[in-house]
Structure formats: C-alpha cells, structure tokens
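# Summary of the model geometry
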Amino acid sequence: MKTYLPRAARNYVVQLSRALDFLSEQERKQVLEQTREEIHRLPGGGRRKRELISALGEPATRARKFVRTEPEDLEVRSGKHFLTRILAWPICALALMTVVVVLFAPPQQELISSQGLGQLLTPVGGWLAALEETIGSQLIWLAFIPVVFSLLPLWLQGAVGMTLQILGAVVMTAVCLGGGILPLYFVPVTILLWAQVFTPLLMMRGSMARPGSGWLVTASVILIAALAFTTYQGLASFTGAQWLVLAPGVVLVVLAALLPTRWKAAHISLVAAGFLVMVAGFIAALPGTYNALLLWPWLAGGLSFAVGHLAVAAGLWHERARKLLALF
C-alpha cells in the first residue's frame, strides 16, 4: 500500500494525532491509519490543505467523531420520560374523545332496552347510579379524570407521579365497574391508563426490551375475540346494510392478527382504523342516520386504538434503544 503522504497531508495527520489525545495509543494508531487510507483514496492524494478539509473536515472536528460516549451521557435514564410522553398524548386524545361522547352522544338507554340488553347494561346495583342521585349532573366531571391523569406524568416524576398515575387508573377502573352503559365507554382509556403505569417499568428492564412474541400473540388473540363479539353485537342491532358493520370489523381483525409481525405500518394502521371506527360509530348513532347503538363500535375501535398504540409505542422505544446503542 502506498505510504508516502504529501506535506499538507502529513501536517493534517499530525494535527489530528494531537486532537486525538483522549484516545489510547492503540486507538489513536487505528484512527490515523484509517485517515491515511482515506487520504490515499482522494483524487489529489492530499496535496492541498483545502482538498483535505473539504473531504475529511478540520482535524479537531474529525477527532470529535471518535469521542467515546459513556452510558450516562446517552441519557438512558430519560427513557421513562420518553415512553411516558409517547403514551400520554394519544391517551389524552382518546380521553377527550370519550368526554365528547359522554357529553354529546344521543341517549341510548331506550335502545338498549328494546334490544334485550337492559339486564346486562342497566345500572342496577351500580354505585354510579347512587352517586348520580346524590350529586346530580356534577357526575359528568368524572369524564375529565382520564384527561387530567393522562398528562400529569409529563410534569410529575418519581414517587408522586407514579402514585397519581395509579390513583387515576384505579379511579377509572372503579368507574368502569360502576354499572350501566355509560361507564363502558371508559374501558379503552382505562386500559391505556394502566398501560401508562406499567409499560415504562416493563420496557426499562433492558435497553433493548420490547414485548415478546408471547405477549403480542396473546394481545392479538384477546383483541380478535373482543372484535368478534362487538362485531356480532353490532350486526344484531344495526338496521342498515350489514356490510357497513362487517367490513370495518374484518379490517380490524386482519390488522389485529398482524400484531405479532411487529410490522410498524400494521400497528399504525390499527390505531388509525380504530379511530375511524369510533368516529363512524358516533355518526351512525345519531338519530338522523341509523340511530345505532354506539357502544359496540366504540369498544371495537377503542380497544383497537389502545392495543395498536401500545404496539407503536413499543416499536418507537426499541428503535430509540437501537440508535442509542448504535446498532442500526
């Protein structure tokens, strides 16, 4: 191999060697040898300083590329905040959608009774019914609980933040078990509130941690079962063309079946399709359209949104970990 270097190139290598004083002797030799090889491959052979700077950069700038980054400098400790952030905003968006439904969805209790679902979904023995009798319309403020608790972890860290996260999830779980149809609309966002508590803890177990195949297969099976049930119930109570219910249900089932593939596009599509099903269900529930029961498309779309969002968040965390560890 050619070993001779022009004067400009020799000066460049000397300056680079001085700038690499933070490396060991062996490491510095390897970098300098690599640099010499690059200089030999230059069209002009490194005869002009301007040519060297243009191709390799200033010696000090080139040296900084070889600075070792210690694990603490990679700010791995911020991973929990990273996961909390990518979880919080979509959860907040779903919580706001739930508020809109609770506030503005048309009354459907009579529709439930007419379809033989009264005994299943009426608030007999539910504590929410008793609370409503006590405080009246103020009960509607319960709908804003997930909105607030989904964003609190962004500003409150440590034990206080964790305590409030668990408190919000527990309160919403109690709401979901409160009896009646209205609390069931909070099931998807409540699942996400619990996920906001446990996902960072589980994913932070290792720098490359991500859901195993078993978790993804289990989530896929449970979601498909839920989609089959809600689609069946939706078909039984829908007065319009059956394909308007069946087609979205099939799409959601197919996307749910793709969860174990870890295909990012499929996960994003599941989130988007779930959102669209929720919106379509709300429109179909209006008296001017089909006066359909909103609960079934809301559960189908909301559960798909929740599971898909968790899969996307896991993928983003894994991608971030790979970049931090320079494994891409």
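Scroll up to find the structure.
Scope of this entry: the structure provided in the associated data block. (Residues numbered from 1 in each chain as written. Predicted model: local features only at pLDDT ≥ 70, side-chain atom pairs only at ≥ 80, totals over all residues. Heavy atoms only, no water.)

Turning our attention to the overall build of the protein chain. The helix and strand inventory of the protein chain stands at 15 helices and zero strands. In the protein chain, once contacts between residues fewer than 6 apart in sequence are set aside, the share between residues at least 24 apart is 76%. A total of about 17,700 Å² of accessible surface is found on the protein chain, and carbon and sulfur atoms cover 65% of it. (Helix = DSSP H or I, 4+ residues; strand = E, 2+ residues; numbered from the N terminus. Contact = heavy atoms within 4.5 Å. Areas by Shrake-Rupley, 256 points an atom, 1.4 Å probe, with all protein chains shown as cover.)

Take the side chain of Gln 196 next. Structurally, Gln 196 can be placed in helix H11 (residues 187-203). Note on Gln 196: relative accessible area 1%, which makes it buried. Apart from residues lying up to four places away in sequence, Gln 196 is in contact with Thr 84, Leu 87, Ala 88, Ile 91, Phe 149, Ser 150, Pro 153 and Gln 165. (Buried < 20%, exposed > 50% of the residue type's maximum accessible area, 1.4 Å probe, protein only.)

Looking now at a nonpolar patch on the surface. A cluster of nonpolar side chains, contributed by Phe 275, Leu 276, Val 279, Ile 283 and Leu 286, occupies part of the molecular surface with about 400 Å² of accessible area. By secondary structure assignment, the location of Val 279 is in helix H14 (residues 264-284). (Patch = residues over 30% accessible without salt bridge, like charges linked within 9 Å, V, L, I, M, F, W, Y side chains within 5 Å. Salt bridge = Lys/Arg side-chain N within 4 Å of Asp/Glu carboxyl O.)

Residues Tyr 185, Phe 186, Leu 295 and Trp 298 are the most contacted members of the largest nonpolar core, which totals 44 residues. For this core, the secondary-structure elements that each account for two or more residues are helix H5 (79-104), helix H9 (145-151), helix H10 (158-176), H11, H14 and helix H15 (295-324). Ranked by residue count, the leading element in this core is H5, at 13 residues. Beyond its immediate stretch of four places on either side in the chain, Trp 298 contacts Met 97, Thr 98, Val 101, Tyr 185, Pro 188 and Met 278. (Core = buried A, V, L, I, M, F, W, Y, C linked by side-chain atoms within 4.5 Å.)

In the Ramachandran plot, Arg 262 falls in the positive-phi region, its phi being about 60 degrees despite a non-glycine side chain. By secondary structure assignment, the location of Arg 262 is in the loop between helix H13 (243-257) and H14. Phi is positive for Asn 291, which is not a glycine, with a value near 50 degrees.

Everything listed is a geometric property; what it means functionally is a separate question.
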